[in-house]
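# Inside the fold
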Amino acid sequence: QVQLVESGGGLVQAGGSLRLSCAASALTFFTYTMGWFRQAPGKEREFVAAINYSGGSTNYADSVKGRFTISRDNAKNTVYLQMNSLKPEDTAVYYCNEGVRPTTPLFNWGQGTQVTVSS
């Protein structure tokens with residue numbers, strides 16, 4: 001079973017930046033579209049960003065467009081999320097997984113990484 005390990009979260013002031021990483025154990029990582037998702041307290045898990053297998057195509061939730069950038073390094077089996085201009089409403093646990101749909105993930109969810117943005 002593929003393991004996903006997210007890291008890089010923390011406490012940051014509004015307007016600050018963080019870079020999240022997700023390391024995957026899948027030998028075929030390079031064949032998958034990978035996505036970032038987040039879940040705030042009391043809310044459903046939601047899509048944040050995705051990147052196709054080669055890194056040549058990306059898409060973002062409207063709420064993060066222009067502030068977040070997703071990238072990947074297939075040689076390291078790792079996907080990244082650069083988060084700039086953070087807002088308090090970005091506070092959530094962030095997860096990575098295959099695809100763009102948080103309700104039908106291909107892999108088991110990892111532990112996630114907590115991002116807290118103070119105002």
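To start, this report covers the structure provided alongside it. (Residues numbered from 1 in each chain as written. Predicted model: local features only at pLDDT ≥ 70, side-chain atom pairs only at ≥ 80, totals over all residues. Heavy atoms only, no water.)

## Examining the sheet that holds strand β7 (residues 68-73)
Strand order in the open sheet formed by four strands is β1-β3-β8-β7, and the pairing between neighbours is antiparallel. Edge strands, defined here as strands with exactly one partner in the open sheet, are β1 (4-7) and β7. Pairwise comparison of adjacent strand axes, ignoring direction, gives a mean angle of 15° for this sheet. Across four bridges, the pairing between β1 and strand β3 (residues 18-24) is antiparallel. Following the sheet pairing, L4 is matched in β3 by A24. (Pairing = 2+ DSSP bridges. Helix = DSSP H or I, 4+ residues; strand = E, 2+ residues; numbered from the N terminus. Axes fitted to C-alpha atoms, helices over the stretch in contact; angles between N-to-C directions.)

## Comments concerning the sheet that holds strand β9 (residues 92-98)
Taken in spatial order, the six strands make up an open sheet running β2-β10-β9-β4-β5-β6, and their pairing is mixed. Edge positions in the sheet fall to β2 (10-13) and β6 (58-60), since each of these pairs with one other strand and no more. If you compare each strand with its neighbour and ignore which way they point, the axes differ by 25° on average. Relative to β6, strand β5 (residues 46-51) runs antiparallel, the two being bridged by three bridges. The partner of A50 across the bridge, within β6, is N59.

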